[in-house]
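Overview (structure and organization)
So you can see what is in the structure, the chains are spelled out below.
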Amino acid sequence: MQMQRKKLSLAVVQALQAGLVLGFAATARAQAPAPEVAAQKSEKIEVTGTRIPPANLEGASPVTVIDAQTIKVDGLRSVESLLNNLPQVMADMGGNVSNGASGTATVNLRGLGPTRTLVLVNGRRLPAGSPRAGSATAASDLNQIPAPLIKRIEVLTGGAGAIYGSDAVSGVVNFIMNDNFEGVQVEFNQSFYNHDQQNPRGVSTIVAGRAATNSAQFAVPGDKSSDGKIYDANVLMGANFANGKGNATLFFNYKKEDALLESERDFSACSLGSDAAGFNCGGSSTSYPGRFFLNGGSGPSRTVANAAGNTRAFNAALDQYNFAPTNFYQRPSERYGFNASAHYDIYENARVYSEFSFHDDHTVSQIAPSGLFGNPFTIRFENPLLTQDWRNDLGLLKAGDTSDIVIARRNVEGGGRQDDIRHSSFRTVLGVKGDFGGGVWNYDAFMQTAKVIYQETFKNEFSIARSGRALDAVVGPNGTVVCRSVIDGSDPNCVPYNLWSLGKITPEQLNYIQTPGFQKGSTEQTIQGATLAADLGTYGWKLPSAKNGIGVAFGIERRVEKLQLDTDTAFTTGDLAGQGGPIIGVVGQYTVKEVFGEIRAPLIEGAPFAHLLSVNGSVRHSDYSINQKTDSYGFGFEWAPVAPVRTRASYQRAARAPNVHELFDAQSLGLYNNTSDPCAGTVPTATRAQCALTGVTASQYGNITDSPAGQYNGLFGGNPKLRPEKSDSYTVGIVVEPMRNMSATLDFFHINLKDQISTLPSPIVLSQCLSGAGAFYCSLITRDAAGTLWLLPQARIISTNINIGNQSTSGIDIGFNYSRKLDGYGSMAVNFVGTYVRKFETEPIPGLGSYDCVGYFGSTCGVPLPEWRHKLRGTWTTPWNVDVALTWRHLNEVKLDNTSSNALLSATSFEVDRSLAARDYFDLSASWDATKSLTLRAGINNLFDKDPPIASGGVTGAPFGNGNTFPMVYDTLGRRVFINALYKF
């Protein structure tokens, strides 16, 4: 029957024939008595990128395959870290993101964004990962996928929208799970970091210099023998039943990650600033014991001098707050998971199958304490907590006088802001598949439901409203100090807040002012689909010059995407001081109905100079309930003049419909990163006339305080009139297999993205206004009363969603594999995969010009985009049941985007920030089959404890920048040691 399983390993054949290869697995060892693969009967062979049962396992699009053995050799227990090691993948959300963490983990192929990478499990899509505000959270959450259960990962780069539907713009990541197991397998794993404090750029010395005068905020950490520990354990069990007609497989897993603070590494023990002299320990003006801007924010700034309430001038060089130490470098998390799969052949040509998965992930993101972040207040003469110094500074000379003041004070007494995040997911698949017509026709009909439940509690935040009432203190009837709101009855619970003198904050004051924020919500996805496929050669539908017939596949699908986010009053009103603006709930959904078809036609087979010549085509029509329709299509060809050499090419038109957040998010304030405001400082880099275009008055020019954190206010939000994005992808490649034990691949890729759903980048809006490009850009900018773009809520640059941008990227993927036997000494294998990125161009506004981010990082280009990355591994399979693997990972140097000559990127910068040096990491691992049932593994990643390249916080901003570097890009925490034990019954 057509569904009969091929005994040859699908992963190995597919890797060698269909694409780039990461076959780092050693030669298979003797297995335990209970076989791993069960129920050899009736499983349809599927290849990522096509729904036609292939006559062979070749394809016109390049596919990278990572098998289970490779995953074990890497020693990585998080799926996002495993994928980030691929040169085609750019870093995104994960466990090392703290400020702005979503609690999810995402994959970003080709750097085009996680929402443009479609994630599949066994060929079916995962739901949106979180309802949390922000369109990127609509990407699938990789935390739902347990790494130990993965059989292999297939990564198809380039558009695949005609095959899989929306979101497959940059490609598809398909996780094939181990769902057909017999026996019992138990696995335990532990990893930790080992690090010597050895930063070569003198950060330890800088921190030590500050520690001499401020030991409370600055300290140089010692060497670490082990920290950042990760534990996980899992049990896999399965059995055949009904005389081999069925199989049931169960999987349980548990994982726990310890927290690791930025204070534990010398290069992150302070938030780095930069100037012409080099690095310095910078920080935030929201400081302790505070920075008080007089005259409504436009006057000089003062701070508290002592417990008597005397004041002095705020010294930016000494008084800024070091917010780095309390930030998490690795978030603590605890995760439980359960997976179940079963199938049963109810008839010879009908198999019923089901999948169920559950995961619960609880993590905490911690950043520096909250406080009053430049909030304006009116202070009255009558406040009895004011000292004479404060009355003099504020100009409060007599009863009835008032003064407007902007307060930036860190709540060190209350501890770090903690974002307690929990995601729980449920996913169920039920279907039937089989064949008929003598095995010519294959069918697969299924229904899938998935739901993600989200809960968040943001702790240790300050209420702006309560702070205002607590700062308005008076003398009560009995002579005690009380809030005015207690006297007038508007808030009888108010407790006066005494920040005017050192050491006067009490737990009662904090209990009143501090308030949590709550969010909850869910994403839901339901899919019904059916596919029919056939090899029509049986009916004579084949060309005389071909051996195999024409293959076809067609089907229908209906998908519903729902999202609901509920936020409490504190979030909705923007009352939480440390959030940068309100977070408003959203409810929305849409339905899409689709029809699709695919054809593959061998033209010539077995002829001179045409061992194989084949073409294929695909098309999909999508009808959305949001009054949008899209058509995706593609075609490709393969030509093998001789068996060892095969060329391939493909074209794909893909589309991505806007997600619920992009359509329906409420518009609200948020933060964006920039190196500086050209109109700020005592000597602005922009002229007086230029700054006037952005709203700077004559009196403000030269007197505007810049944001020390490099963060500014933006107005962000949804747009229900968005159109789908469109992309065109081209690939051309060659596969050469001169001998059985050697293969090489070379693939050129080019992706054009049009009508990109994006926002006008705020730094570009500002630069265009300054350049006199037009009133449109200047109309999007509002400065506050102090002339800043960050201090008061009125400051903002409008950046709501629109279809405006275009992006394109191109480059070359290279793969090489070689193995040979060593007489009497086992065998050796060498595997290589690398990516050269030729260009990554962005046109933010049509007609304005474009910029290329290859080889750059920064506030506009984002995370580092090296021109070249590679991964090279050598594996020695010994005759003594021991395998040893050595891996070399390389990332090229990248430069700060401000150093580009492109007018859209060019800006001033300091020498120490202008580049992140190349990095070479070496990993060593070994496995030992101690018995037929017991396998032990151990390894060290980043063997030589290489520090990450660092730059100041102004150019390594949140969310992906953390601790003066990019921890989702570079190995940041030191040597990673892992130990693993696996036992099979």
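Whatever comes next refers back to the structure up there.
First, a word on scope: everything that follows refers to the structure included in this document. (Residues numbered from 1 in each chain as written. Predicted model: local features only at pLDDT ≥ 70, side-chain atom pairs only at ≥ 80, totals over all residues. Heavy atoms only, no water.)

**Focus: the packing of aromatic side chains**
Any two aromatic rings considered together are summarised by their centre-to-centre distance and by the angle between their planes. Scanning the entire structure with this criterion turns up 24 aromatic pairs. Ring plane angle 35 degrees and centroid distance 6.3 Å describe the contact between Phe436 and Tyr443, whose orientation is recorded as tilted. Residue class for Tyr443 comes out partly exposed when judged on its relative accessible area of 22%. The interplanar angle of 10 degrees and the centroid separation of 6.2 Å between the aromatic rings of Trp888 and Phe922 together place this pair among those described as stacked. Taken together, the residues span a long stretch of sequence, with Trp888 in strand E44 (residues 882–891) and Phe922 in strand E47 (residues 919–929) at a distance of 34 residues. Trp888 sits in the partly exposed class, given a relative accessible area of 30%. According to the relative accessible area criterion, Phe922 is partly exposed, its value standing at 28%. Aromatic rings pair up to connect Tyr633, Phe635, Tyr651 and Tyr730 into one cluster. We note Arg466 situated over the ring of Tyr512; from NZ or CZ to the ring centre the distance is 5.4 Å. (Phe/Tyr/Trp six-rings, centres within 6.5 Å; stacked < 30°, edge-to-face > 60°. Buried < 20%, exposed > 50% of the residue type's maximum accessible area, 1.4 Å probe, protein only. Helix = DSSP H or I, 4+ residues; strand = E, 2+ residues; numbered from the N terminus. Lys NZ or Arg CZ within 6 Å of the ring centre and 35° of its normal.)

**Regarding the pattern of salt bridges**
Considering all chains together, one arrives at 43 salt bridges under this definition. One salt bridge connects Asp472 with Arg380, and the closest N-O pair in it is separated by 3.7 Å. In this pair, Asp472 is assigned in the loop between helix H8 (464–470) and strand E25 (473–475) and Arg380 in strand E21 (residues 371–380), connecting sequence segments 92 residues apart. For Asp472, a relative accessible area of 15% corresponds to the buried category. Residue class for Arg380 comes out partly exposed when judged on its relative accessible area of 33%. Residues Lys754 and Asp728 are paired through a salt bridge, measuring 3.2 Å at the closest nitrogen-oxygen approach. Here Asp728 lies in strand E35 (residues 725–739) and Lys754 lies in strand E36 (residues 742–758), a separation of 26 residues in the sequence. Since its relative accessible area comes to 36%, Lys754 is described here as partly exposed. On the basis of relative accessible area, Asp728 is assigned to the buried category, the value being 4%. (Salt bridge = Lys/Arg side-chain N within 4 Å of Asp/Glu carboxyl O.)

**Structural notes on empty space enclosed by the protein**
For the structure shown, the criterion picks out 13 cavities of 30 Å³ or more. Lining the largest cavity are 48 residues, with Leu76, Ser81, Asn96, Tyr193 and Pro967 positioned closest to its centre. For the lining of the largest cavity, the secondary structure elements donating two or more residues are helix H3 (79–84), strand E3 (89–90), strand E11 (246–257), strand E18 (328–330), strand E19 (333–347), strand E20 (350–369), strand E43 (868–877) and E44. Looking at the lining of the largest cavity, its residues break down into 17 nonpolar, 18 polar and 13 charged. (1 Å grid on protein atoms, 1.4 Å probe; cavity = no way out; pocket = protein on both sides within 12 Å on 5 of 7 lines; lining within 4 Å. Points joined across faces, edges and corners; volume = space filled by probe spheres on them. Nonpolar A, V, L, I, M, F, W, Y, C, P; charged D, E, K, R; others polar.)

**Overview of the sheet that holds strand E34 (residues 711–716)**
Pairing is mixed in the open sheet, where four strands are placed in the order E33-E34-E38-E37. Both edges of this open sheet fall to strand E33 (668–673) and strand E37 (781–782), since each of them pairs with a single strand only. (Pairing = 2+ DSSP bridges.)

**As for unusual backbone geometry**
Geometrically, the link from Tyr288 to Pro289 is a cis peptide bond, its omega value of 10 degrees lying close to zero. You can see Pro289 is positioned in the loop between strand E14 (278–281) and strand E15 (291–293). Residue Pro959 is reached from Ala958 by a cis peptide bond, and omega for that bond is 5 degrees. As for its placement among the helices and strands, Pro959 is situated in the loop between strand E48 (934–941) and strand E49 (975–984). The phi dihedral of Arg110 falls on the positive side, at around 60 degrees, and the residue is not glycine.

**A word on the sheet that holds strand E46 (residues 915–916)**
Within a beta sheet, neighbouring strands are joined by backbone hydrogen bonds and run either parallel or antiparallel to one another. Spatially, three strands are ordered E42-E45-E46 in an open sheet, and the strand pairing comes out mixed. The open sheet is flanked by strand E42 (856–857) and E46, the only strands paired with a single partner. Here E42 pairs with strand E45 (residues 894–896) via two bridges, running parallel. When the bridges of E45 are listed, Tyr856 appears paired with Lys895.

**Comments concerning the environment of Leu789**
Mapped onto the secondary structure, Leu789 falls in the loop between E37 and strand E38 (796–798). Assessed through its relative accessible area of 1%, Leu789 is described here as buried. With 85 residues separating them in the primary sequence, Leu789 and Ile704 have C-alpha atoms 9.5 Å apart. Those residues in contact with Leu789, other than ones at most four positions away along the chain, are Tyr672, Asp677, Tyr712, Asn713, Leu766, Ile781, Thr782, Arg783 and Ala795. (Contact = heavy atoms within 4.5 Å.)

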